[in-house]
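Each chain, letter by letter, is given below.
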Amino acid sequence: AMRGVPRASAANGALATPCASHEDERRVAKTFRKTETRQWIRRRGAVLMGLGIAASPTRAKADGRTQADTSSPLVQELLRRTEERKEERYKERLQDYYRKNYKAYFEFESKKANYGRTEVERKIQDWLEQNKE
């Protein structure tokens, strides 16, 4: 019998089951070994990080990048393209946020009487026209 594996019994209200098969025991033991290994790595990793020993051979710079990151031409190109599109992506995220969180409110407000008289109300109306589904 395996230790730590609960078995159903007639005493706790379930039907009694036969012993687990050999395959089931192997599966449980393998899972246990994986869990133990992960825990060991986490403990040792925490100790090493506490001592200031990093797993990576490169040193981190003040901005969070490593020396290996800045020396690669591919990474340089990716960083350049990221910077070029940063503002565009920010605006896209902002528009998605507005569509998600304010569209229903703007539609509700636009149905009020006397709506569309001010410049802001006209801009909201234009925004609703642009973001129709």
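Residue positions are counted from 1 within each chain, in the order its sequence is given. Note on the predicted model: pLDDT of at least 70 is required for a residue's local features to be given, and 80 or more for side-chain atom pairs to be given and counted; whole-chain, interface and lining totals, by contrast, use all residues. Hydrogens and water molecules were not included; the side-chain quantities draw on all heavy atoms of the structure.

S.K.: An account of the side chain of asparagine 131 is requested, with residue identities and associated values reported.
M.R.: Only runs of H or I of at least four residues qualify as helices and only runs of E of at least two qualify as strands under DSSP, and these elements are numbered from the N terminus. Inspection of the secondary structure assignment puts asparagine 131 in the segment after α4 (119–130). Setting aside its immediate chain neighbours within four residues, asparagine 131 contacts Gln95, Arg99 and Lys103. Working rule for contacts: check all heavy atoms of both residues, and any pair within 4.5 Å makes them a contact.

S.K.: Describe the pattern of salt bridges, listing the residues and the values that go with them.
M.R.: What counts as a salt bridge is simple: a side-chain nitrogen of Lys or Arg found within 4 Å of a carboxyl oxygen of Asp or Glu. Per the counting criterion, the structure on display carries 10 salt bridges. Salt-bridge contacts for arginine 26 lead to glutamate 23; the nearest nitrogen and oxygen are separated by 3.8 Å. Taken together, the positions of arginine 26 and glutamate 23, both in helix α1 (residues 22–51) and 3 residues apart, correspond to about one turn of that helix. For the salt bridge of arginine 80 with glutamate 77, the shortest nitrogen-to-oxygen distance reads 2.4 Å. Residue arginine 80 and its partner glutamate 77 are located together in helix α3 (residues 73–110), separated by 3 residues, close to a single helical turn. The buried label applies to any residue whose accessible area, calculated with a 1.4 Å probe on protein chains only, is under 20% of its type's maximum; exposed applies above 50%, and partly exposed to all values in between. Given a relative accessible area of 39%, arginine 80 falls into the partly exposed group.

S.K.: Explain the confidence of the model for the protein chain to me, using residue names and the numbers behind them.
M.R.: Averaged over the protein chain, the pLDDT score is 75; the fraction of residues at 70 or greater is 67%. In predicted models, pLDDT denotes the confidence assigned by the predictor to each residue on a 0 to 100 scale. Confidence, read as mean pLDDT per element, is least for helix α2 (residues 67–71) in the protein chain (64) and greatest for α3 (90).

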